[in-house]
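Listed below are the residues making up each chain.
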Amino acid sequence: MGELASLRTPRGIFATVILGLCAFMPVLAPALDEPFYITVFARIMIWAIAAVSLNLILGYGGMVSFGHACYLGIGGYVVGIMAFHGVTNGFIQWPLALLASGLAALVFGAICLRTRGVYFIMITLAFAQMIYYLSISVEKYGSDDGLTIDFRSEFGGLIDLEERTVIYYVIFFCLVGSLYLVHRVVNSRFGMVVRGSKSNDARMHAIGHPTYRYRLACFVIAGMICGLAGILQANLEKFVSPDMMYWPRSGELIFMVVLGGMGTLFGPVAGALVFLLLADTLSGFTEHWHIIFGPFLILVVLFVHGGIDGLLGRREAAGG
Amino acid sequence: MAEPLLKVEGLNKSFGGILATDNLFLDVLPGEIHAVIGPNGAGKTTMIAQLTGALKTDSGKIIFDGRNITREPSHVRSHLGLARSFQITSVFLDMTNLDNTALAVQAHDGHSFRFWRPARRDPALREPALRALERVGLDHRADVVAANCSHGEHRQLEIAMALATKPRMLLLDEPMAGMGPEESAQMVEIIRGLKDEHSILLVEHDMDAVFSLADRITVLVYGRAIASGAPDEIRANPDVREAYLGEETAAAPDAPTPEGADSRARG
């Protein structure tokens, strides 16, 4: 089931090509005399991780969170704030950042998941904006100017993130790990409950599933994976700012998921790639690139059912 | 006389000023098929929703197996052994019939905080799910996505999902809704086959089916039980004839024949 197990299908080939491209970019980019693309792809992979995490709740669980970027910010800011206070040990920073993202998701999710539909969208947005304004208001940590990180996370000499290739492959490994994790989770018993709840929550209750606790757990897992993306972003850019979790970022994440194909394992990666490469390319042509980009996204949503994944052929059942 | 498995005492539910359930008393004995009939808007589906916990009850008591479940949420009632089928098909349309049924099995096989092993390859879920599909004659369509199934197959799937929760009692809300005569006849046989192991509360419009299956019948009008008794008593009851059966028997004079009841008594 799913793309990981069936590499000879169009989806498998597509996923292999994209992941292969990511894997060999540090070799490819200098060969093509475009070393800048290493950083571009590192950024794309970070957004892909965030999109994969959003897809877990949005695509598989039907929870349209319009505040998902706030976990990106929380993960990033924990790293930034600890570095600011001189704690650069990654073995302390990373678990704490994941814990903070998970805790925030637990608190926000516990409240948001009592609502449905538009209310859910609005309340996730409200919580994210709350964190956004919090980050702006704290002057000690740079308020809207953001916070520069002097040193990337240190792992006692085991992994040197200051090496461009090393941090690139750490990000690559995190992306592949997130994909594998989501693949296992959505096909497990837990994942079936989350999907069933998206499909027909009333029926889930009738057959005996108390879905709230599973949806909440799923929300927390997604928040933590997105927190990981934030950790990586803080390390890559050596900078965090409130802009990481401003609401358009959450909107862009939703777009990446929809563009790639909701509820498909690899769709969000493809979505992030196409979204960011296209935005990058278009902005090279004209300052007013949004005029082309906006209608393009609308056309994709209107006419390409199932996003990029939908272009790779029909799916029978809700698959992995 | 055996202690009733389900006992409803003075149940009420109103929407705005309208009493949908009005001081309702009802019980279902172990191994019994108790049918509830009544004209459209009599409050049958409201009653089912109250019994399963989909709707909150205003006042009154629901006792299941000696336990007061009036305030219990749906999933708790399901775990106590109370299962329902829906009048309007309510399944997981984007999943296969086997996935649908396996989810029902899963709900009764411990908690679902199991994140790693693929559920679709778990024989502990697949095998009981397939058996439930067999019982309603849908096993040959196990791997078909529910959205691609016929109305009749959806009705069968409804029952299979209820059965997969290993219930002691089934609340069947119009299982024959929208079915043709042949499909209905098949469904009657399916329900008759379930009777040995399950108590059944059957809400149904199809009078042939009700009179051939039911041990007892309660007639609901405006949320109130106006009569309750064996099929023959109900057929003879003048209030019922006036309120409800009159139009039915006039439209189909030979509808409630006693043969069904006799064969059931023998079988």
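Residues numbered from 1 in each chain as written. Chains lettered and ligands numbered in written order. Predicted model: local features only at pLDDT ≥ 70, side-chain atom pairs only at ≥ 80, totals over all residues. Heavy atoms only, no water.

### Some points on the sheet that holds strand S3 (residues 33-37) of chain B
All names here are of chain B. The condition is simple: The rule for pairing is simple: two strands pair if DSSP sees at least two bridges between them. Here a helix means four or more residues in a row that DSSP labels H or I, a strand means two or more in a row labelled E, and each is numbered from the N terminus. Between N-to-C directions, angles span 0 to 180 degrees; the directions come from axes that are lines fitted to C-alpha atoms, helices contributing only their stretch in contact. By definition in these notes, contact holds between two residues if any of their heavy atoms fall within 4.5 Å.
Pairing is mixed in the open sheet, where six strands are placed in the order S6-S7-S8-S3-S9-S10. With partners counted over all chains shown, the strands left at the sheet margins are strand S6 (82-85) and strand S10 (224-229), one partner each. Averaged over all pairs of adjacent strands, the angle between strand axes in this sheet comes to 15°, irrespective of strand direction. Bridging between strand S9 (residues 216-221) and S10 involves five bridges; their strand directions are antiparallel. Its bridge partner being in S10, threonine 218 is matched across the sheet by serine 228. Across the sheet, helix H6 (residues 181-194) touches S3, strand S7 (169-173) and strand S8 (199-203), and the angle it forms with S8 is around 150°.

### A short note on the packing of aromatic side chains
All names here are of chain A. Going by this rule: Stacked, edge-to-face and tilted labels apply to pairs of Phe, Tyr and Trp rings (six-membered ring for Trp) whose centres lie within 6.5 Å, assigned for plane angles under 30 degrees, over 60, and everything in between, in that order. Only protein chains enter the accessibility calculation, which uses a 1.4 Å probe; a residue whose area is less than 20% of its type maximum is buried, one above 50% is exposed, and one in between is partly exposed.
Within this structure, the stated rule accounts for 22 aromatic pairs over all chains. Measuring from ring centre to ring centre gives 6.4 Å for tyrosine 37 and phenylalanine 41, while their planes differ by 45°; the resulting arrangement is tilted. Here the residue tyrosine 37 and the residue phenylalanine 41 both occupy positions in helix H3 (residues 36-58), the gap between them amounting to four residues, near one helical turn. Residue phenylalanine 41 is classed as buried on the basis of its relative accessible area of 3%. Ring geometry for tyrosine 132 versus tyrosine 246: centroids 4.7 Å apart, planes at 25°, classification stacked. A residue pair is termed long-range when its members are at least 10 positions apart, and tyrosine 132 in helix H6 (residues 117-137) and tyrosine 246 in the loop between strand S2 (239-240) and helix H10 (247-260) qualify at 114 residues. A relative accessible area of 29% means that tyrosine 246 is categorised as partly exposed.

### Digging into the interface of chain B and chain A
The line we're drawing: Summed over both partners, the accessible surface that disappears when two parts come together, traced with a 1.4 Å probe, is what is meant by buried area. The salt bridge criterion pairs a side-chain nitrogen of Lys or Arg with a carboxyl oxygen of Asp or Glu, the two atoms within 4 Å. As used in this structure description, the phrase polar contact means that two N or O atoms lie within 3.5 Å; if the pair is within protein, one of them must be able to donate a hydrogen and the other to accept it, and residues adjacent in sequence are counted only when both atoms belong to side chains.
Taken together, the 40 residues of chain B in the interface contact 30 residues of chain A. In this assembly, chain B packs against chain A so that about 3,100 Å² is buried in total across both faces, 60% of it on carbon and sulfur atoms. In terms of surface lost to chain A, no three residues of chain B exceed Phe115, Trp116 and Arg120 of chain B, which account for 23% of the buried area on that side. For arginine 189 of chain A, the salt bridge identified is with aspartate 109 of chain B, shortest N-O distance 2.9 Å. Where chain B meets chain A, there are 21 residue pairs in polar contact (both at pLDDT 80 or more). Contributions of two or more residues to the side of chain B that touches chain A are made by helix H2 (74-80), helix H3 (97-106), helix H4 (123-135) and helix H5 (151-163) of chain B.

### Some details on the packing of helix H4 (residues 69-84) of chain A against helix H9 (residues 211-237) of chain A
All names here are of chain A. Under the convention used in this document: Any angle from 65 to 115 degrees is called roughly perpendicular, while one under 35 is roughly parallel, one over 145 is roughly antiparallel, and all others are oblique. Note on convention: the crossing is left-handed when the near helix lies turned anticlockwise from the far helix by less than a right angle, right-handed when the turn is clockwise. All amino acids are sorted into three groups, where Ala, Val, Leu, Ile, Met, Phe, Trp, Tyr, Cys and Pro are nonpolar, Asp, Glu, Lys and Arg are charged, and the leftover types, Gly among them, are polar.
Interhelical geometry of H4 versus H9 gives an angle of 50° and a closest axis separation of 6 Å. Viewed along their axes, H4 and H9 adopt a mutual orientation that is oblique. Relative to H9, H4 is oriented so that their crossing is right-handed. Within the contact between the two elements, H4 uses Tyr71, Leu72, Gly75, Gly76 and Val79 and H9 uses Phe219, Gly223, Cys226, Gly227, Ala229, Gly230, Ile231, Gln233, Ala234 and Asn235. The residue inventory of the contact of H4 with H9, partitioned by class, reads eight nonpolar, seven polar and no charged.

### Some details on the domain arrangement of chain B
By a widely used convention, the size of an interface equals the accessible area lost when the partners come together. Residue and element names in this part refer to chain B. Put simply, the test is: An automatic or database domain assignment supplies the residue ranges for each domain.
Entries for chain B in the domain assignment read domain 1 (1-81 + 168-267) and domain 2 (92-166). Measuring from the centre of the C-alpha atoms in domain 1 to the corresponding centre in domain 2 gives 26 Å. Buried surface at the junction of domain 1 and domain 2, both sides included, amounts to about 1,200 Å², of which 58% is carbon and sulfur. Of all residues in domain 1, the largest losses of buried area upon contact with domain 2 belong to His79, Ile190 and Leu194, amounting jointly to 29% of the total for that side. Across the pair glutamate 197 and arginine 135 runs a salt bridge whose closest N-O atoms are separated by 3.5 Å.

### Considerations on the pairing of S3 of chain B
Residues and elements named next belong to chain B. Among the five residues in S3, five count as buried, and that is most of the element. Covered by surrounding structure in S3 are Ile33, Ala35 and Ile37 together with His34 and Val36, the residues of both alternating faces. Bridging between S3 and S8 involves four bridges; their strand directions are parallel. Within S8, the position partnered with histidine 34 by the bridge is leucine 201. The pairing of S3 with S9 spans four bridges and is parallel. In the sheet register, histidine 34 faces S9, and the bridge partner there is arginine 216.

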